[in-house]
Amino acid sequence: MTLPTKAVLQQLEQIQKQASEELEKINDPKELQLWKVRYLGRKSRLTQVLRSLATLPLEERRKVGVRGNEVKNILESSLAEREKILEEARIASSLKYKKLDVTLPGQPLSVGRLHPITQTLEEICDIFKGMGFQVIEGPDVEWDYYNFEALNIPQEHPARDMFATLWVDAEVEGGKARLLRTHTSPVQIRLMEKKRPPIRVVVPGRCYRYEATDATHESMFYQVEGLAIDKNITMADLKGTLFEFCRCLFGEERKIRFRCDYFPFVEPGAEVAIECLACHGAGCRVCGYTGWVEILGAGMVHPDVLRRGGIDPKAYSGFAFGMGVERMPMLRYGIDDIRLFYGNDLRFLKQF
Ligand code: FA5
């Protein structure tokens, strides 16, 4: 059945009025969706009216069609407007609950801290700075030449067994292979090549060894190297410097043991050990049941090493030392396993 044009226009007015009145009252997004289906959906009255236009004569169809599209546009923009109002109301009400309540207890800020090994490194460097040493660094990936050959450890030398090495290159010919430095001593040569005496430096840095880990050994650990070269430097300077360092770090009362040791790059060589705090010298797994923990190797720089660094051993002499950093806090606080430092357990790390 075809409705007369006037009736169709009236229907359109009625749809618009009714839809607008209902929309005004909607405060819930779900209801808004239902309204949209009811008035703008495929089965809505408006869509049906617009479809029925096909049956009208051309002139009428144009007139009613224009009005029909106007109503549709008005309803669509009213819907968008209402959606905006509801969204703004939702945000405003959520903010209302987030208002600052000054009576609530404060939320503590969790503050980060330096890793105990970083703290120890800083402390060690500060002690040596106080004695006039400069702090420098060297590369972790090192040439065989600097790590071994220049330090009197040529290929096939049995002392290479002291340093189980992680190699970067397989080819070792002519000191050209790269490795992860097994100690900080290669920086001695690098520095001598660049700087003339007087030299007084400490070198903090990571070292790597291909060895099984246990309570006192890690495959990655820190060392601080020391090097002093000048005229008339003697073993007494070395001993005085190291004893002063130990007193600063461990206190006056702590027992220190200084005795002979062998390193190919020093002559004579020495080792320093500290009385074990974990057992007070009685013997435990930290000290390997000896009562002592070795903290560093040291000695007078070998004349061949000075020569390789371009320094005349007849005019200058020097001392060097290399200390294990993790063992310092272990000794100070009685920590019985080096692996705790790198286990990333915050309960342990937060104590420092
Ligand atoms: C050296 O590495 C020599 N370069 C030290 C040196 C420097 C001697 C200058 C003479 C002159 P050694 O391998 O003993 O020496 O290591 C020195 C210190 O590093 C040890 O006393 C120990 O405290 C620490 N250390 C060695 N290996 C490990 C490891 N696997 N884990 C943790 N600490 C280690």
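As the structure is a prediction and not an experimental result, all values here were calculated from the model.

1. Comments concerning the overall build of the protein
Each helix and strand counted, the protein has 11 helices and 10 strands in total. Over its C-alpha atoms the protein spans a radius of gyration of 41 Å, topping by over 25% the 20 Å that the globule rule assigns to 352 residues. For the protein, the spread of C-alpha atoms along the three principal axes comes to 120 × 55 × 35 Å. Across the protein, the fraction of contacts at a sequence separation of at least 24, relative to all contacts at a separation of at least 6, is 68%. When the accessible surface of the protein is summed, it comes to about 20000 Å², and 53% of that surface belongs to carbon and sulfur atoms.

2. Observations concerning the domain arrangement of the protein
What the domain assignment reports for the protein is domain 1 (5-96) and domain 2 (116-349). On a C-alpha basis, the centres of domain 1 and domain 2 stand 83 Å from each other.

3. Some details on unusual backbone geometry
Here the bond from Pro197 into Pro198 is cis, since omega is 5 degrees, no more than 30 degrees from zero. Position of Pro198 among the secondary structure elements: in the loop between α7 (186-194) and β5 (199-208). Pro268 follows Glu267 through a cis peptide bond whose omega is -5 degrees. Along the chain, the position of Pro268 falls in strand β8 (residues 266-275). A positive phi is found at Asn152, a non-glycine position, where the angle reads about 65 degrees. Among the secondary structure elements, Asn152 is positioned in the loop between α6 (144-147) and β3 (166-167). Asn152 sits in the buried class, given a relative accessible area of 12%.

4. Quick notes on the pairing of β8
Most of β8 sits inside the fold, with 8 of its 10 residues counted as buried. The sheet contact formed by strand β7 (residues 256-261) and β8 spans 6 bridges and is antiparallel. Bridging across to β8, Arg259 finds its partner in Glu271.

5. Let's talk about the nonpolar core
By size, the foremost hydrophobic cluster in this structure holds 41 residues, and its most contacted members are Phe245, Ile295, Phe321 and Met323. Breaking this core down by element, the ones donating at least two residues are α5 (116-130), β6 (220-230), α8 (235-250), β8, β9 (292-301), β10 (317-324), α10 (327-333) and α11 (346-349). Counting residues per element, this core draws most heavily on α8, which supplies 6 residues. What Ile295 contacts, discounting residues up to four positions off in sequence, is Cys246, Phe250, Val272, Ala273, Ile274, Gly322, Met323, Gly324, Arg327, Met328 and Leu331.

6. What about helix α3 (residues 45-52)?
Residues of α3 that are buried include every one of Leu46, Thr47 and Val49, and no others. Buried residues of α3, viewed axially, fall in a sector of 160 degrees; they line one side.

7. Digging into the state of the cysteines
Formally, a disulfide is one covalent bond, and it connects the sulfur atom of one cysteine to the sulfur atom of another. In total, this model carries 0 disulfides according to the counting rule given. For Cys125, which is in no disulfide, the shortest distance to another cysteine sulfur is to Cys207 and amounts to 13 Å. The class of Cys125 is buried, set by a relative accessible area of 7%. Cys248 provides the cysteine sulfur closest to Cys246, a residue in no disulfide bond, and the two sulfurs are 9.3 Å apart. A relative accessible area of 1% places Cys246 in the buried class.

About the cut-offs
Every chain is numbered independently, its residues counted from 1 as its sequence is written. It should be noted that, the model being predicted, local features are given only for residues of pLDDT at least 70 and side-chain atom pairs only at 80 or more, the latter also being counted only at that level, while totals for whole chains, interfaces and linings use all residues. As a convention, hydrogens and water are excluded, and side-chain values are obtained from all of the structure's heavy atoms. Only DSSP runs of H or I covering at least 4 residues are called helices, and only runs of E covering at least 2 are called strands; the numbering of each starts at the N terminus. Atoms considered for the radius of gyration are the C-alpha atoms alone. The globule rule reads 2.2 Å times the number of residues to the power 0.38. Two residues qualify as a contact provided that any one of their heavy atoms is within 4.5 Å of a heavy atom in the partner residue. A 1.4 Å probe and the Shrake-Rupley method give the accessible areas. Residues count as covered only by the protein chains that appear here. Domain boundaries shown here were taken from an automatic or database domain assignment. Buried means the residue's accessible area, taken with a 1.4 Å probe over protein chains only, is under 20% of the maximum for its type, while exposed means over 50%, and partly exposed covers the values in between. In this description, strands pair whenever DSSP reports at least two bridges between them. Put simply, buried Ala, Val, Leu, Ile, Met, Phe, Trp, Tyr and Cys residues joined by side-chain atoms within 4.5 Å make one nonpolar core. To obtain the arc, one takes the directions from the helix axis to the C-beta atoms. Two cysteine sulfurs form what is called a disulfide whenever their separation falls within 2.5 Å.

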